[in-house]
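Descriptive structure summary
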Amino acid sequence: GSCSGWNESYFFQVTYDTYDRLRILPGPKSIEAAAGTSVSRSSLQSGFGKSAAFICDDECQLAEVWIMLEADPKTQLPLGEVPYGDSASKSCVKCKTIKIPGIRTCPPPATSCKPFSMGPPCVSDAECKKFKGCVRCGFTSKHCTDVVEDSDGGLSTDVVEDSDQGLSASF
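Here goes a summary of the coordinates provided. (Residues numbered from 1 in each chain as written. Predicted model: local features only at pLDDT ≥ 70, side-chain atom pairs only at ≥ 80, totals over all residues. Heavy atoms only, no water.)

**Comments concerning helix 1 (residues 8–22)**
Helix length check: helix 1, at 15 residues, gives a terminal C-alpha distance of 21 Å against a target of 21 Å (1.5 Å per residue), a fit within 8%. Every buried residue of helix 1 is listed here: V14, T18 and L22. Each buried residue of helix 1 lies within a common arc of 65° when the element is viewed along its axis, so the set occupies one face. Turned more than 90 degrees from where helix 1 packs its buried face, E8, S9 and Y16 sit exposed. You can read the cap of helix 1 off the contacts: a side-chain oxygen lies 3.1 Å from the backbone nitrogen of S9, and it is on N7. (Helix = DSSP H or I, 4+ residues; strand = E, 2+ residues; numbered from the N terminus. Expected span 1.5 Å × (residues − 1). Buried < 20%, exposed > 50% of the residue type's maximum accessible area, 1.4 Å probe, protein only. Arc of directions from axis to C-beta. Polar contact = N/O pair within 3.5 Å; in protein donor to acceptor, adjacent residues only side chain to side chain.)

**Comments concerning the packing of helix 2 (residues 26–33) against helix 3 (residues 41–48)**
Where helix 2 meets helix 3, the axes come as close as 6 Å, and the angle between the chain directions of the two elements is 140°. Relative to helix 3, the element helix 2 lies oblique. Counted together, P26, G27, P28 and I31 of helix 2 and L44, G47 and F48 of helix 3 form the full contact between these two elements. Residues belonging to the contact of helix 2 with helix 3 are distributed by class as follows: five nonpolar, two polar and no charged. (Axes fitted to C-alpha atoms, helices over the stretch in contact; angles between N-to-C directions. Parallel < 35°, antiparallel > 145°, perpendicular 65-115°, else oblique. Contact = heavy atoms within 4.5 Å. Nonpolar A, V, L, I, M, F, W, Y, C, P; charged D, E, K, R; others polar.)

**Topic: the pattern of salt bridges**
In total, this model carries one salt bridge according to the counting rule given. Here R23 ties to E32 by a salt bridge, and the two come within 2.8 Å at their closest N and O atoms. Take R23: its relative accessible area is 34%, and that puts it in the partly exposed class. (Salt bridge = Lys/Arg side-chain N within 4 Å of Asp/Glu carboxyl O.)

**As for helix 2**
Regarding helix 2, the residues found buried are G27, P28 and I31. For helix 2, the angular spread of buried residues about the axis comes to 95°, placing them on one side. Turned more than 90 degrees away from the buried face of helix 2, the exposed residues are P26 and A33. Elements that come into contact with the buried residues of helix 2 comprise helix 1, helix 3 and strand 3 (62–67).

**Here's the deal with the nonpolar core**
Generally speaking, soluble globular proteins have nonpolar side chains that are buried together. Counting residues in each nonpolar core, the largest one holds 14 residues, and the members touching the most others are I31, L44, F48, F54, L62, I98 and I100. Listed by contribution, the elements that provide at least two residues to this core are helix 3 and strand 2 (52–56). Per element, the largest residue contribution to this core is three residues, and it comes from strand 2. Grouped together as the second largest cluster of nonpolar side chains are six residues, C113, C122, C137 and C144 included. (Core = buried A, V, L, I, M, F, W, Y, C linked by side-chain atoms within 4.5 Å.)

**Observations concerning the environment of C128**
Among the secondary structure elements, C128 is positioned in helix 5 (residues 125–128). Once the C-alpha coordinates of C128 and C113 are considered, the two residues, 15 residues apart in sequence, prove to be 9.0 Å apart. In this view, C128 contacts C122, C134, R136, C137 and C144; residues no more than four positions away in its chain are not counted.

**Quick look at the state of the cysteines**
This structure, assessed with the given rule, holds five disulfides. Across the disulfide from C113 sits C134; the S-S distance is 2.0 Å. Here the disulfide of C113 and C134 is right-handed, its torsion about the S-S bond being about 95°. With C113 in the loop between strand 6 (97–99) and helix 5 and C134 in the loop between helix 5 and strand 7 (136–137), this residue pair connects regions lying 21 residues apart in the sequence. No difference in accessibility class separates C113 from C134, as the two residues are buried. Through a disulfide, C128 is tied to C144; the S-S separation comes to 2.1 Å. Because the torsion about its S-S bond is -85°, the bridge between C128 and C144 counts as left-handed. Highlighted residues: C128 in helix 5 and C144 in strand 8 (residues 144–145), separated in sequence by 16 residues. Here C128 and C144 have matching classes, each one buried. (Disulfide = S-S within 2.5 Å.)

Given below as structure tokens:
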């Protein structure tokens, strides 16, 4: 985007507008309709003509679709599709059928702390002690962790409630 001379806001607006324009074409609509199933490589290609390149993983699952667009020489705005060429789709050539990934939902929030995983959200160390495996609240991440010392140099806080004085913080 930096070569376009556009600011960030305009760049992303053009990107979203282009995405919306492309997703109603036959090829993208066929991928959307086939989410979670497998389709023949030839039917996938026929939906796009020669304007797209397909990238598949080692198990013939579709990972990316690249569509080449012509740019207006004066405004740099995307115009129509142009032929992509066959070389970019080499990773899918071996596949007679291509798996179209289904829609994945977000994982549920964490309810414990495990090594190398983000724990439940928190604001204090005391809050984390009720979760299995959690020892404190990460100063920067604001998620419980199983790591005893933080790279914050001990700056994590522990907010405790004192029935006589209200809330107090210890550092």
